[in-house]
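Analysis of the macromolecular model
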Amino acid sequence: MTSASGKTISVTIERQGNPAAQTQFDVPAQDNQTVLDVVSWVQQNADPTLSYRFACRVGMCGSCAMTVNGVARWTCRTHISKVVQNGAVTIGPLRNLPVIKDLAVDMDPFFDKWVAAEGVHHGALTRDDPIAPVDPATPDRATADAGIECINCAVCYAACDTVSANDAYLGPAALQRAWTLLNDAKDDGREAILDAVSGEGGCHSCHAMGSCTELCPNGLNPMTAIAGLKRETVKAAFKRGRR
């Protein structure tokens, strides 16, 4: 099948966990076509056994993240014309996560590290207490707000070479979340967070290569968050040493 223009895109799909499956496809080229559209065309028209993950198609859920020509991206927000090279494109699963089948990865290790970094709200009040006011103009609130748009797509995690080399490393998304909570006036887990991110695989394992910040589809800056955690953990260590 070809498009109205007669042009096709040569698509290579790295189908890990499914070695016997077809990997090369000629997909009709369209004027308005995302990488996710290309993957969907393959599944709907060429090979219904192709496994992949998506939900919203509008950059809200993050579940369609894949590796495109070696770079982690949201496939729903990446126009094929921006990544196709000499009429061809290679699509694979995210790095640094176990592959379930084809383009679908197991996100459990990613979320396990989120929890290990104490990336969960530590409440000090009950539902019977009055709601504590939060001043959006304070520096701490502005710092917390800078990271709240993370949607757990794992693009930064897949892009991180430190994660590749160090299984214990918590990763940029988990550390970004820890920094957000550390600066949130509603969170009461400061000591637990600093303990969690200062140990093996914590913020001091980051080599500041910057792939997380460069490739974050939401424009967040995990490097800044990790640098902040490094400062606060060192301050906490000095304070404890003086006791």
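Every chain is numbered independently, its residues counted from 1 as its sequence is written. Confidence filtering applies because this is a predicted model: local features only for residues at pLDDT of at least 70, side-chain atom pairs given and counted only at 80 or more, and all residues used for totals across whole chains, interfaces and linings. Hydrogens and water are ignored here; the side-chain numbers use all heavy atoms of the structure.

It is worth spelling out the overall build of the chain at this point. The secondary structure listing takes helices from DSSP runs of H or I that are at least 4 residues long and strands from runs of E that are at least 2 residues long, numbered from the N terminus. Check the secondary structure of the chain and you find 9 helices and 7 strands. With respect to the principal axes defined by its C-alpha atoms, the chain has extents near 70 × 40 × 30 Å. Residue contacts follow a heavy-atom distance rule, with two residues in contact if any of their heavy atoms lie within 4.5 Å. Across the chain, the fraction of contacts at a sequence separation of at least 24, relative to all contacts at a separation of at least 6, is 64%. Here, Shrake-Rupley sampling with a 1.4 Å probe gives the accessible areas, and only protein chains in the shown set may cover a residue. If you sum the accessible surface of the chain, you get close to 12700 Å²; carbon and sulfur atoms cover 50% of it.

This brings us to helix α2 (residues 108–116). Buried means the residue's accessible area, taken with a 1.4 Å probe over protein chains only, is under 20% of the maximum for its type, while exposed means over 50%, and partly exposed covers the values in between. Listed in full, the buried residues belonging to α2 are Phe-110, Lys-113 and Trp-114. With its buried residues spanning 110° around the axis, α2 presents them on a single face. Count one or two residues on from α2 and you reach Glu-118, which has phi positive near 60°. Throughout, the arc means the angular range of directions from the helix axis out to the C-beta atoms.

Further remarks concern the sheet that holds strand β4 (residues 71–74). Here we have 5 strands laid out as an open sheet, ordered β2-β1-β5-β3-β4, and mixed in their pairing. At either margin of the open sheet sits one strand with a lone partner, and together these are β2 (24–28) and β4. This sheet shows a mean twist of 35° between the axes of neighbouring strands, independent of strand direction. For helices, the fitted axis covers only the stretch in contact; all axes are lines through C-alpha atoms, and the angles between them, taken along N-to-C directions, range from 0 to 180 degrees. The strands touched by helix α1 (residues 35–46) within the sheet are β1 (8–13), β2, β3 (65–68) and β5 (88–92), with β2 carrying the most contacts at an inclination of about 110°. The criterion for strand pairing is that DSSP finds at least two bridges linking the strands in question.

So, on to the packing of helix α6 (residues 172–182) against helix α7 (residues 190–198). Running from amino to carboxyl end, α6 crosses α7 at an angle of 155°, the nearest separation of the two axes being 10 Å. Between α6 and α7, the angle falls in the class roughly antiparallel. Where α6 crosses over α7, the handedness of that crossing is left-handed. Counted together, Leu-175, Ala-178, Leu-181 and Leu-182 of α6 and Arg-190, Ile-193, Leu-194 and Val-197 of α7 form the full contact between these two elements. In these notes the angle categories are as follows: under 35 degrees is roughly parallel, over 145 is roughly antiparallel, 65 to 115 is roughly perpendicular, and the rest is oblique. Helix crossings get a hand from a simple test, with the near helix turned counterclockwise from the far one by less than a right angle marking a left-handed crossing and a clockwise turn marking a right-handed one.

Pairing of aromatic side chains here covers Phe, Tyr and the six-membered ring of Trp, requires ring centres within 6.5 Å, and sorts the geometry by plane angle: under 30 degrees stacked, over 60 edge-to-face, intermediate tilted. Enumeration over the complete set of coordinates arrives at 3 aromatic pairs. Seen in terms of ring centroids, Tyr-52 and Phe-54 are 5.5 Å apart; in terms of plane orientation they differ by 15°. Their pairing is stacked. With a relative accessible area of 16%, Tyr-52 lands in the buried category. Consider the rings of Phe-110 and Phe-111, whose centres lie 5.1 Å apart with planes at 80°: the pair is edge-to-face.

On the secondary structure map, His-122 appears in the loop between α2 and α3 (139–145). We define a polar contact as two N or O atoms separated by no more than 3.5 Å, with the added condition that, inside protein, one atom must be a possible hydrogen donor and the other a possible acceptor, whereas residues neighbouring each other in sequence contribute only through side-chain atom pairs. Engagement of the side chain of His-122 in a polar contact is seen with the backbone oxygen of Val-120, the distance being 2.9 Å. When sequence neighbours within four positions are dropped, the list of residues in contact with His-122 reads Lys-186, Asp-187, Asp-188, Gly-189 and Ile-193.

Another point: α6. Counting buried residues in α6 gives 10 out of 11 residues, a clear majority hidden from the surface. Residues of α6 that are buried: Pro-172, Ala-173, Ala-174, Leu-175, Gln-176, Ala-178, Trp-179, Thr-180, Leu-181 and Leu-182.

The rule for a salt bridge is simple: a side-chain nitrogen of Lys or Arg has to be within 4 Å of a carboxyl oxygen of Asp or Glu. The full count for this structure, using the stated rule, is 11 salt bridges. Here Arg-240 and Asp-195 are joined by a salt bridge, their closest N and O atoms 2.8 Å apart. You can see Arg-240 sitting in helix α9 (residues 222–242) and its partner Asp-195 sitting in helix α7, a full 45 residues away along the chain. Classification of Arg-240 by relative accessible area gives partly exposed; the value is 39%. Ionic contacts of the salt-bridge type, sharing partners, join the residues Arg-15, Asp-47, Lys-101 and Asp-102 into one network.

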